[in-house]
Amino acid sequence: MKTTTHPLASALAGLGIALLVAGCGALPDKPARAKLYDFGPGVSAMATATPPAAAASPALPMLALAEIEANTRLDGTQILYRLGYADTNELRPYGQSRWSQPPAQLLRQRLRDSLAERRTVLGPEESATLARSKGEVPDTLRISLDEFSHYFDSPASSAGLVRLRATLIRGGTGGDRVLGQKTFTVRRPAPSADAPGGVKALAAASDAAVAEVTQWMDALQRLPRQ
């Protein structure tokens, strides 16, 4: 027995297929993947900041480098900027650009590489193990990262701005004491008013800050123990 299709049913089926095709064509594209940035291949900041004679200087005392502290706004991987000419109190994120790690971790890696050129650098756990097993308490460097942003003085002028506070603590028989504390503020011009320009400026400012902290540390650790 031959089955016949009602004209209305055929029309409705055709309309459904047309709507389905149209709907598929209207689906949004996949969201663009955010670009990831870091400070570059890891060339030591001290390679150009330290005179050649310093390389022959004797090794400095062992150092424990604590995890870098940062406020909650800097804990994530967003690349942040400030419009100093509009509202300097507001931190704004770039939409499709991210750091590969939180800035404090990137900065700590750079700082550890630089400090390790002249001394043995331990992490917090390694330092604690050494103290328990051999009774040796190395100097401890603590860093607080207070500012890390692409700062715009005007729409056409911007810079990478890094501000951190370094504290060197020395342990002894009479207890711990602060051997030195200093705030470092570094700006480096940005080549463009966008996320890639901000990244380059912040990487340059970070390397300059690392160089300053390392030189300061070298001088402090040469002081005789009391």
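Source: prediction; values computed, not measured.

The secondary structure content of the protein amounts to five helices and nine strands. The order of helices and strands in the protein, counted from the N terminus, is α-β-α-β-β-β-β-α-β-α-β-β-β-α. Counting over 226 residues, the protein shows a buried share of 40%. Counting only contacts in the protein whose residues sit at least 6 apart along the sequence, the fraction spanning at least 24 positions is 69%. Total accessible area on the protein is roughly 13,100 Å²; 56% of this is exposed by carbon and sulfur atoms.

What follows covers the packing of aromatic side chains. Following the criterion strictly, the structure yields six aromatic pairs and no others. Ring geometry for Phe39 and Trp99: centres 5.7 Å apart, planes at 90°, overall edge-to-face. Taken together, the residues Phe39 in the loop between strand E1 (35-37) and helix H2 (46-49) and Trp99 in strand E5 (residues 87-99) connect sequence positions 60 residues apart. In this structure Trp99 comes out as buried when scored by relative accessible area, which is 2%. Between the aromatic rings of Phe184 and Trp216, the centroid separation amounts to 5.8 Å while the plane-to-plane angle is 75°, which identifies the pairing as edge-to-face. With Phe184 in strand E9 (residues 177-189) and Trp216 in helix H5 (residues 195-221), this pair connects stretches of sequence that are 32 residues apart. The pair formed by Phe184 and Trp216 is uniform in burial state, with each residue classed as buried.

Here the focus is the side chain of Arg82. Residue position: Arg82 is located in strand E4 (residues 78-83). With a relative accessible area of 13%, Arg82 lands in the buried category. Polar side-chain contacts of Arg82 include one of 2.8 Å to the backbone oxygen of Thr88. Of the polar contacts made by the side chain of Arg82, one reaches the side chain of Glu147; its length is 2.9 Å.

So, on to the pattern of salt bridges. Inspection of the entire model under this criterion finds nine salt bridges. Glu67 is the salt-bridge partner of Arg108, the closest N and O atoms lying 3.8 Å from each other. Residue Arg108 is located in helix H3 (residues 103-115), and its partner Glu67 is located in the loop between strand E2 (63-65) and strand E3 (69-70); the two are separated by 41 residues in the primary sequence. Across the pair Arg110 and Asp207 runs a salt bridge, and its minimum N-O distance is 2.8 Å. Of this pair, Arg110 sits in helix H3 while Asp207 is found in helix H5, placing the two residues 97 residues apart along the sequence.

Soluble globular proteins: nonpolar side chains tend toward being buried together. Ranked by size, the top nonpolar core spans 43 residues in total, and within it Trp99, Leu141, Leu145 and Leu164 carry the most contacts. Of all the elements in the fold, those that place two or more residues in this core are E2, E4, E5, H3, strand E7 (139-154), strand E8 (157-170), E9 and H5. In terms of residues, this core owes the most to one element, H5, which gives 12 residues. The residues touching Trp99, leaving out its near neighbours within four places in the chain, are Leu36, Tyr37, Asp38, Phe39, Thr77, Gln78, Ile79, Leu106, Phe148, Val199 and Leu202.

Tracing the sequence through the fold places Val210 in helix H5. Exposure remark for Val210: the relative accessible area of 2% places this residue in the buried category. As for Val210 and Val186, which are separated by 24 residues in sequence, their C-alpha atoms are 10.0 Å apart.

Turning next to the pairing of E8. In terms of burial, E8 is a largely internal element, 11 of the 14 residues being buried. In the sheet, E7 pairs with E8 via 13 bridges, with the strands oriented antiparallel. Note that in E8 the partner of Arg142 across the bridge is Thr167.

Rules used in this analysis
- Residues numbered from 1 in each chain as written.
- Predicted model: local features only at pLDDT ≥ 70, side-chain atom pairs only at ≥ 80, totals over all residues.
- Heavy atoms only, no water.
- Helix = DSSP H or I, 4+ residues; strand = E, 2+ residues; numbered from the N terminus.
- Buried < 20%, exposed > 50% of the residue type's maximum accessible area, 1.4 Å probe, protein only.
- Contact = heavy atoms within 4.5 Å.
- Areas by Shrake-Rupley, 256 points an atom, 1.4 Å probe, with all protein chains shown as cover.
- Phe/Tyr/Trp six-rings, centres within 6.5 Å; stacked < 30°, edge-to-face > 60°.
- Polar contact = N/O pair within 3.5 Å; in protein donor to acceptor, adjacent residues only side chain to side chain.
- Salt bridge = Lys/Arg side-chain N within 4 Å of Asp/Glu carboxyl O.
- Core = buried A, V, L, I, M, F, W, Y, C linked by side-chain atoms within 4.5 Å.
- Pairing = 2+ DSSP bridges.

Function-wise, these values are silent; they only describe arrangement.
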